Amino acid sequence: MPQSREAALAEIRALQAAHWPQQVARDVTYPVEVPALPEYLRHWAAARPDTVAISFYGRDIGYAEYDELSDRFAGWLAGLGVVPGDRVGVYLGNCPQFLIAMVGILKAGAVHVPINPMFRGHELHYELVDAGVTVLLAQDTLADVVEAVRADTPVRRVAYTGLADLLTAEPGLPVPFARAAERSDWAEIRSAPRAPARPSDPDALAALNYTGGTTGMPKGCEHTQRHMVYTAATATTGAGNPVGEPGPVVLNFLPVFWIAGEDFGVLKPLVNGQQVVLMTRWAPAVAVELVARHGVTEMIATVDNYVEIMDLPDFDGARMASLRTAFAVSFVLKLTPEIRARWRAAAGTVLREASYGMTETHTADTFTLGFQDGDRDLLADPVFCGLPVPGTDIVIVDEAGDPVPVGESGEIIVRSPSILTGYYGRPDATAETLRDGWLHTGDVGRLDEWGALHYQARSKEMIKTNGMSVFPSEIESLLRLHPAIRTVAVVPRADRARGQVPVAFVEVSDAATDGDELRSWATENMAAFKVPEFEIVDQLPMTATGKIRKGDLFDRAAELAAARDQPARTRP
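Residues numbered from 1 in each chain as written. Predicted model: local features only at pLDDT ≥ 70, side-chain atom pairs only at ≥ 80, totals over all residues. Heavy atoms only, no water.

(A) Inspection of the overall build of the chain at higher detail. Counting secondary structure elements, the chain contains 17 helices and 25 strands. In terms of overall dimensions, the chain is globule-like: its C-alpha atoms have a radius of gyration of 24 Å, near the 25 Å expected for 572 residues. For the chain, the C-alpha atoms occupy an extent of roughly 70 × 60 × 55 Å along the three principal directions. Taken over 572 residues, the chain has a buried fraction of 59%. Of the contacts made within the chain by residues no fewer than 6 positions apart, 69% connect residues no fewer than 24 positions apart. With an accessible surface of roughly 22700 Å², the chain has 51% of that area assigned to carbon and sulfur atoms. Side chains of the chain carry 52 positive and 74 negative charges; the gap between the two charge centres is 2 Å. (Helix = DSSP H or I, 4+ residues; strand = E, 2+ residues; numbered from the N terminus. Rg over C-alpha atoms; globule rule 2.2 N^0.38 Å. Buried < 20%, exposed > 50% of the residue type's maximum accessible area, 1.4 Å probe, protein only. Contact = heavy atoms within 4.5 Å. Areas by Shrake-Rupley, 256 points an atom, 1.4 Å probe, with all protein chains shown as cover. Lys, Arg positive; Asp, Glu negative; His and termini not counted. Charge placed at Lys NZ, Arg CZ, Asp CG, Glu CD.)

(B) Here's a closer look at the sheet that holds strand E2 (residues 59-62). The strand order across the open sheet formed by 7 strands is E2-E1-E10-E9-E11-E12-E13, and the pairing between neighbours is mixed. Sheet topology places E2 and strand E13 (351-353) at the edges, where each strand pairs with a single neighbour. In this sheet, neighbouring strand axes are inclined to one another by 25° on average, regardless of whether the strands run parallel or antiparallel. The sheet contact formed by strand E9 (residues 249-252) and strand E10 (residues 275-278) spans 4 bridges and is parallel. In the strand pairing of E10, Val249 is matched with Gln275. Helix H9 (residues 259-272) contacts E9, E10, strand E11 (298-302) and strand E12 (325-329) of the sheet and is inclined by roughly 150° relative to E9. (Pairing = 2+ DSSP bridges. Axes fitted to C-alpha atoms, helices over the stretch in contact; angles between N-to-C directions.)

(C) Molecular detail of a negative patch on the surface. Taken together, the side chains of Asp510, Asp514, Asp516 and Glu517 present a region of like negative charge at the surface. By the element assignment, Glu517 lies in helix H16 (residues 515-525). (Patch = residues over 30% accessible without salt bridge, like charges linked within 9 Å, V, L, I, M, F, W, Y side chains within 5 Å. Salt bridge = Lys/Arg side-chain N within 4 Å of Asp/Glu carboxyl O.)

(D) The arrangement of the layout of surface pockets in detail. Looking at the second largest pocket, its volume works out to about 150 Å³. Arg13, Gln16, Trp20, Arg26, Pro388, Val389, Pro390, Gly391, Thr392 and Asp393 are the residues that line the second largest pocket. Within the lining of the second largest pocket, the residues separate by chemical class into 4 nonpolar, 3 polar and 3 charged. (1 Å grid on protein atoms, 1.4 Å probe; cavity = no way out; pocket = protein on both sides within 12 Å on 5 of 7 lines; lining within 4 Å. Points joined across faces, edges and corners; volume = space filled by probe spheres on them. Nonpolar A, V, L, I, M, F, W, Y, C, P; charged D, E, K, R; others polar.)

(E) A look at empty space enclosed by the protein. All chains considered together, the criterion is met by 3 cavities of 30 Å³ or more. Reported here for the largest cavity is a volume of approximately 90 Å³. If you go around the largest cavity, you meet 14 residues; those closest to its centre are Ala235, Phe327, Ala354, Ser355 and Thr366. No other element matches helix H8 (residues 225-238), which puts 3 residues into the lining of the largest cavity. For the lining of the largest cavity, the class distribution of residues is 8 nonpolar, 5 polar and 1 charged. In this structure, the second largest cavity spans a volume of roughly 70 Å³. For the lining of the second largest cavity, the secondary structure elements donating two or more residues are helix H1 (5-18) and strand E16 (393-397). In terms of residues, the lining of the second largest cavity owes the most to one element, H1, which gives 3 residues. When grouped by side-chain class, the residues that make up the lining of the second largest cavity number 9 nonpolar, 2 polar and 2 charged.

(F) Region of the structure containing the packing of H8 against H9. Taken N-terminus to C-terminus, the directions of H8 and H9 make an angle of 85°; their axes are 9 Å apart at the nearest point. Taken together, the axes of H8 and H9 are roughly perpendicular relative to one another. Residues Met228, Val229, Thr231, Ala232, Ala235 and Thr236 of H8 touch H9, and the partners they reach there are Glu262, Asp263, Leu267, Lys268, Val271 and Asn272. (Parallel < 35°, antiparallel > 145°, perpendicular 65-115°, else oblique.)

(G) Region of interest: the confidence of the model for the chain. Per-chain confidence: the chain averages 92 in pLDDT, with 96% of residues scoring 70 or above. Ignoring residues within four places in sequence, the model shows residues 568-572, a span with pLDDT below 50, making 0 contacts including any to other chains. (pLDDT = per-residue confidence, 0-100.)

(H) Layout of the environment of Leu173. Tracing the sequence through the fold places Leu173 in the loop between strand E6 (157-161) and helix H7 (186-190). Along the primary structure Leu173 and Tyr57 are separated by 116 residues, whereas in three dimensions their C-alpha atoms are 7.4 Å apart. Aside from chain neighbours lying at most four places away, what touches Leu173 is Tyr57, Val286, Glu289, Leu290 and Arg293.

(I) Up close: the side chain of Glu127. Mapped onto the elements, Glu127 comes out in helix H5 (residues 121-131). Salt bridges are absent for the buried Glu127, whose nearest opposite-charge side chain, Lys530, sits at 7.0 Å. When sequence neighbours within four positions are dropped, the list of residues in contact with Glu127 reads Pro114, Ile115, Phe119 and Tyr210.

(J) Region of interest: the nonpolar core. Counting residues in each nonpolar core, the largest one holds 143 residues, and the members touching the most others are Tyr66, Phe73, Tyr91, Met320, Trp343 and Leu479. In terms of residues, this core owes the most to one element, helix H4 (residues 96-107), which gives 8 residues. When near neighbours in sequence (up to four residues on either side) are disregarded, Trp343 contacts Tyr306, Ile309, Met310, Met320, Leu323, Ala326, Gly348, Thr349 and Leu351. One finds Met358, Ile412, Ile419 and Tyr423 within the second-largest nonpolar core, a separate group that totals 22 residues. (Core = buried A, V, L, I, M, F, W, Y, C linked by side-chain atoms within 4.5 Å.)

(K) Spotlight on H5. Listed as buried for H5 are Gly121, Glu123, Leu124, Tyr126, Glu127, Leu128 and Ala131. Following H5 by one or two positions, Gly132 has its phi on the positive side, about 75°.

(L) Structural view of the pattern of salt bridges. On inspection of all chains with the given rule, the structure shows 30 salt bridges. One salt bridge connects Asp71 with Arg194, and the closest N-O pair in it is separated by 2.8 Å. Taken together, the positions of Asp71 in helix H3 (residues 63-79) and Arg194 in the loop between H7 and strand E7 (205-211) put the pair 123 residues apart, joining distant regions of the chain. Under the relative-accessibility criterion, Asp71 is labelled buried at 8%.

(M) Inspection of the state of the cysteines at higher detail. According to the stated counting rule, one finds 0 disulfides in the structure shown. Cysteine Cys221 remains unbridged, with the sulfur of Cys385 as its closest cysteine sulfur at 19 Å. Residue classification places Cys221 among the buried residues on the basis of a relative accessible area of 0%. (Disulfide = S-S within 2.5 Å.)

(N) Geometry of the pairing of E2. Pairing analysis gives 4 bridges linking strand E1 (residues 52-56) to E2, with the strands arranged antiparallel. Its bridge partner lying in E2, Val52 is registered against Gly62. Linking two consecutive strands that pair antiparallel, namely E1 and E2, is a turn of 2 residues; a positive phi of about 50° is found at Tyr57 within it.

Set out below in C-alpha cells:
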C-alpha cells in the first residue's frame, strides 16, 4: 500500500530538519504588517528616504523619490479612469520606469501585466487581448509593433518612454541604448498629481505573469501581492540574511518582465529596503565596473556569465571584493567544482546554484546555502537545488500521485504560499495543475538523504534557449498563421552555444515557399529566441491514428545537431 502524502511529508521534514544549515533561519520575520509592495515602499520611504533604491547607469533614485514617482504613476492612471482590477501592461526592457510603473499599478489597485519586450506583433496582440490590457506603458523603440496591433485590442491608451528618460548625467560607462527618446510621455506621467494612499488587498489579483504551456499559447499565472512578498522574504532568508537588513546591494541584469528578474530585481530589493543596480543588457566589463562602483554584495547570473567575467583580458578579482553572494544558474555551462574553484581563486566568493522554481510558484522555492562545503552540492546527482524555503513543501510522486520513497525519481509537486491562484481564464488548466493545494509541475526530480531536491529533467516538451523557456505548441500556434504552412511540428535540438534551439518540421501548400522565406516571416512575427530552424518535409511521420510521431522528429533533430557538431571537412 502506498505511503500517504502526510506520512511522506513527516519523513521528509525530519530529514530536512536534521540537515538544516545554521546560516538559515527556520522562520521569516516581516518588518511590515501588510504583505503588499505599496506598504513596503511607503515604510522604507519614511524610514530610509535617502537610501538609494534604484541605480541605473549613473542615475540614483532614493526611496522617497521612488515612492513619489510611483504615486504619480498611480495618479496618472486615475486620471485615465483606471479602477481597481483593470489590467495595465508594461512593455519595457530593464529601466527604473518598469519598477515605478509596477508599484504605481499596484497602488492604483490595478493588475500588473509585464510583457516581454522581445515580442513581435502576433505575440503582443495575443497577450494584450488575453489579459484584457486597457492601458499600456511601452518602450519608445517598440512603437511600431504596438501601433500595428493596438486597434484590434482592448488598449485605449498607450504611453511611451525611452530607456534613458530618467538619466540626468553622463554615466561614465557604456550605455546600451539611445540617450534621446524617439517619443516619450514620461514628462506627462511625472507631472501627474500624486495619488492618495489607499490600503492594499494582499490577496487580490495583482499580476498576470505569462508562462508557456504544453498546449497552445502562453497562460497568465494569477499572482497576488502576498505571493510576491513571501517570495522576496523567503529568498532573503534562504540566502542567510534577515529581512530588512539595510546593507546588501544587488546587481540585476535578468529581464524584470521575467519572473526571476522580478523576484531578484524588483521584489527582493524593495521588500528589504535595499539598493538594486539595474543593467538593461549583460556586458561583463560593465558588470565588473558596477560591482566596484556600487559595492555590490549580491548578483545572480548564468555560469556562462561568470566565465565571461573571468575571461576578461584585464580582469582584477579585487574589484569584486564587495561581493558576498554569487548565485549561478546552470544552463549551457554547468556549475562544476572546477569553475567554482576558479571563481573562488579569482574573486574570493563561492558560486552556488540559485534555486528551483517556475512562474507558477514565483520561482524561488529552494535554497542551496550551507551545502557547498567539499562541493557536496556539485558532486551529488545533478542538478542540486537544495532545501525548500521556510513554509514550502516539496514531495516526489509517481504517476498515480502517490509519494515515492526518498531517493527515487518522480514528478515534483510543490505546496507553497506563493503558488498561483490559477491560470487566468483557464479553469481546465488550473484544475489539471492545482490539485488539493499542490502544484503538479511536470518536472522530474528526486529527494536525497538530506531531504534536498535534485532536478533531473524539465517537462520534456519545453525548449530552453539562451535561458528563455518556450513550448513547441506556442511556436506551432504562431507558425500556423502563415498561409503556406499546412502542417507543423516543433521539437528541440541541442546547441552548444544556446543550449537548445527549436526546429520546425513543416509541410507547405506552396512549393515555392522555402526555409528562408519562412524564417523571414517568423522573424517579423515572433520574439527572436522563438524563431526556429526550418526543415521542409513532404510529409510528417504519423501514427495509425493520425497523430504526429514526435519521437521520430526528436531523432531527426538529434541527427541535425550531430551533423552540426562534426568538424568541417576540407575539400581535396
